[in-house]
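Here's the letter readout for the chains.
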Amino acid sequence: MKVLVVNCGSSSLKYQLVNMNDESVLAKGLVERIGLEGSILTHQPEGKDKVVINADISNHSIGIKLVIDALTDAKHGVISSMKEISAVGHRVVHGGEKFAGSVLITSAVMKALEDCIEMAPLHNPPNIMGINACTEIMPGVPQVGVFDTAFHQTMPKEAFLYAIPYEAYEKYGVRRYGFHGTSHKYVSERTAELMGKDLSELKIITCHLGNGASIAAVKNGKCIDTSMGFTPLEGLVMGTRSGGIDPAIVPYIMKKENMNADQVDNYLNKKSGVLGVSGVSSDFRDIEDAADKGNERAALALDMFAYRVLKFVGSYAAAMGGVDAIVFTAGLGENSISMREKIGNGFAYLGTGIDPVKNNVRGKAQEISVDGAKVKIFVIPTNEELVIARDTKKICSELA
Ligand code: ADP
């Protein structure tokens with residue numbers, strides 16, 4: 001069985017074709033600048049050269065068509081016909097409270113996704129466009145939605161509610177939803193595998209540290225709390241997002257800077273985080289370089305990032321009544337040796353720490369804690385596409 005995994009952004013479309021017999025990736029690629037000038041498809045077939053196709057890609061439908069053409073092309077394709085694609089799995093950002101797991105896409109599900117647009121105006125519309133494009137091009141092929149929010153639906157009410165009038169939750173669905181759920185789920189399951197233990201007996205803190213960053217407390221395999229909230233703005237300091245701030249800062253800055261609601265939203269989502277503090281970049285590599293060259297604000301941004309992670313780890317250890325493992329994943333978590341070290345320096349009170357030799361690793365699953373540590377520390381590369389492909393296969397086999 002071959003599953004096409006699709007992740008649509010507003011102007012981009014990432015894909016992977018996965019052979020579910022052995023979970024190997026047959027091809028992957030990226031369509032960029034959809035609807036803009038200079039749109040481009042980069043297609044990487046396994047074991048063959050990368051292909052770059054420049055074309056006028058004015059919408060997601062054309063993008064999907066080009067992806068299918070690339071996958072079935074005589075030279076750089078990996079399948080002989082579209083009929084070999086048994087199912088499509090879509091990453092969907094916001095499933096609201098309706099979806100606690102992945103689902104087969106039906107017209108009722110599409111309606112529910114549309115109802116969530118208000119809560120994820122940037123993310124859900126392209127996800128819906130991607131599903132519609134596949135329905136048009138591959139009619140009859142089952143499609144599955146895998147939600148970023150689903151894994152966090154096990155949070156108890158005291159963790160997911162905000163202390164504002166209860167009617168805001170009842171009337172508008174204002175609550176903590178959490179994001180990156182597919183990643184937190186994957187790395188927590190891999191941690192149990194690596195520890196040779198059952199997930200149901202472990203307390204794990206998963207740190208997804210990328211441009212967007214979030215932490216989850218996973219107790220006995222279930223998420224009991226996570227740092228992102230009603231939107232992906234809350235929690236950790238991020239590339240361009242502020243993370244948690246005193247909400248009173250919002251009206252204050254609006255008055256001082258004469259901003260409207262959209263402008264302050266942009267200020268907190270696009271101009272803040274390590275970019276706003278350092279004034280250098282939102283990319284951690286640039287900030288680490290600048291800090292190494294003596295830029296004090298770049299160093300401060302890194303310290304603030306690490307400090308916030310450390311505080312969340314402490315609060316989640318408290319929330320779970322202990323912790324067995326702490327996991328680093330995503331771009332920064334998988335690759336930044338110095339950031340892991342900076343955060344890990346604060347773990348001594350938990351009876352653990354990072355071994356500098358074991359920590360000298362990038363993009364590979366490995367335990368990095370000091371010998372004899374009470375709490376194990378891991379680096380685990382995330383693989384959201386594999387989770388989407390697995391869920392898609394599972395749901396489609398239940399159909400048969
Ligand atoms: P997202 O999916 O949220 O865009 P990623 O998980 O791809 O983010 O992570 C991107 C971040 O990871 C970037 O800020 C980048 O600087 C950081 N990163 C990637 N490789 C390294 C590295 N070797 N050292 C430090 N940071 C890195």
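As the structure is a prediction and not an experimental result, all values here were calculated from the model.

Q: Talk me through the overall build of the protein; I want residue IDs and the actual numbers.
A: Across its full length, the protein carries 14 helices and 14 strands. At 21 Å, the protein has a C-alpha radius of gyration in line with the 21 Å of a compact globule built from 400 residues. Taken along the three principal axes of its C-alpha coordinates, the protein extends 55 × 55 × 45 Å. Here the protein, with 400 residues, has 51% of them falling under the buried criterion. Long-range pairs, those at least 24 residues apart, make up 60% of the contacts in the protein with a sequence separation of at least 6. When the accessible surface of the protein is summed, it comes to about 18,300 Å², and 52% of that surface belongs to carbon and sulfur atoms.

Q: Outline the layout of surface pockets, supporting the account with residue identities and numerical values.
A: Counted as a void, the second largest pocket has a volume near 340 Å³. Lining the second largest pocket are 20 residues, and of these Ala100, Gly101, Ser102, Lys185 and Asp391 lie nearest its centre. For the lining of the second largest pocket, the element with the most residues is helix α14 (residues 384–399), which contributes 5 residues. When its residues are assigned to classes, the lining of the second largest pocket shows 8 nonpolar, 7 polar and 5 charged. Counting only domains with at least three residues in the lining of the second largest pocket, you end up with domain 1 (2–147) and domain 2 (197–384).

Q: Residue-level account of the packing of aromatic side chains, with values.
A: Evaluated as defined, the whole model comprises 6 aromatic pairs. Relative to Phe147, the ring of Phe99 lies with its centre 4.5 Å away and its plane at 0 degrees, an arrangement referred to as stacked. One end of the pair, Phe99, is in the loop between β6 (85–92) and β7 (103–104); the other, Phe147, is in strand β8 (residues 143–147), and 48 residues separate them in sequence. Neither residue differs from the other here; Phe99 and Phe147 are each classed as buried. Consider the rings of Tyr166 and Tyr169, whose centres lie 5.7 Å apart with planes at 75 degrees: the pair is edge-to-face. Classification of Tyr169 as buried rests on a relative accessible area of 16%. Cluster of aromatic residues (ring-pair linked, three or more members): Phe160, Tyr166 and Tyr169. It is Arg175 that lies over the ring of Phe160; its NZ or CZ is 3.6 Å from the centre.

Q: Residue-level account of the domain arrangement of the protein, with values.
A: Once the domains are mapped, the protein shows domain 1 (2–147) and domain 2 (197–384). Using C-alpha coordinates to define each centre, domain 1 is positioned 29 Å away from domain 2.

Q: Quick one: what's the story with the pattern of salt bridges, residue by residue and with numbers?
A: Oppositely charged side chains can form a pair if their charged atoms are brought close together. A complete count under the given rule lists 14 salt bridges for this structure. Taking the shortest distance from any N to any O, the salt bridge between Arg390 and Glu23 comes out at 2.7 Å. With Arg390 in helix α14 and Glu23 in the loop between β2 (13–19) and β3 (24–32), this pair connects stretches of sequence that are 367 residues apart. Overall, Arg390 belongs to the partly exposed group, its relative accessible area being 34%.

Q: Let's hear about the environment of Arg176: which residues, and what values?
A: Inspection of the secondary structure puts Arg176 in the loop between α5 (167–172) and α6 (181–195). Here Arg176 falls in the buried class, since its relative accessible area comes to 11%. For the pair Arg176 and Glu193, spaced 17 residues apart in sequence, the C-alpha separation works out to 29 Å. Ignoring any residue separated from it by four or fewer positions in sequence, one finds Arg176 in contact with Met155, Ala159, Phe160, Tyr162, Asp225, Thr226, Ser227, Met228, Gly229, Phe230 and Glu234. Looking at Arg176, its side chain comes within polar contact range of the main-chain oxygen of Ala159, at 3.3 Å.

Q: Tell me about the side chain of Ser281, and name the residues and values.
A: Topologically, Ser281 is positioned in the loop between α9 (273–278) and α10 (284–292). At 2.8 Å, the side chain of Ser281 and the backbone nitrogen of Asp283 are in polar contact. Each residue touching Ser281, except ones within four places of it in the same chain, is listed here: Val274, Leu275, Asp286 and Ile287.

Q: If you had to explain the site of the ligand to someone new, which residues and values would you point to?
A: Close to the ligand lie 14 residues, the nearest being Asn211, Gly212, Asp283, Phe284 and Gly331. For the ligand, an oxygen atom lies 3.0 Å from a polar atom in the backbone of Phe284. Contact distances for the ligand include 2.9 Å between an oxygen atom and a backbone N or O atom of Gly331. About the coverage of the ligand: the protein hides 70% of its 580 Å² of free accessible area. At the level of secondary structure, the elements contributing two or more residues to the shell around the ligand comprise α10 and α12 (330–335). It is α12 that provides the largest number of residues to the shell around the ligand, a total of 4 residues. In terms of residue class, the shell around the ligand is built from 3 nonpolar, 7 polar and 4 charged.

What counts and what doesn't
Residues numbered from 1 in each chain as written. Predicted model: local features only at pLDDT ≥ 70, side-chain atom pairs only at ≥ 80, totals over all residues. Heavy atoms only, no water. Helix = DSSP H or I, 4+ residues; strand = E, 2+ residues; numbered from the N terminus. Rg over C-alpha atoms; globule rule 2.2 N^0.38 Å. Buried < 20%, exposed > 50% of the residue type's maximum accessible area, 1.4 Å probe, protein only. Contact = heavy atoms within 4.5 Å. Areas by Shrake-Rupley, 256 points an atom, 1.4 Å probe, with all protein chains shown as cover. 1 Å grid on protein atoms, 1.4 Å probe; cavity = no way out; pocket = protein on both sides within 12 Å on 5 of 7 lines; lining within 4 Å. Points joined across faces, edges and corners; volume = space filled by probe spheres on them. Nonpolar A, V, L, I, M, F, W, Y, C, P; charged D, E, K, R; others polar. Domains from an automatic or database assignment. Phe/Tyr/Trp six-rings, centres within 6.5 Å; stacked < 30°, edge-to-face > 60°. Lys NZ or Arg CZ within 6 Å of the ring centre and 35° of its normal. Salt bridge = Lys/Arg side-chain N within 4 Å of Asp/Glu carboxyl O. Polar contact = N/O pair within 3.5 Å; in protein donor to acceptor, adjacent residues only side chain to side chain. Near = heavy atom within 4 Å.

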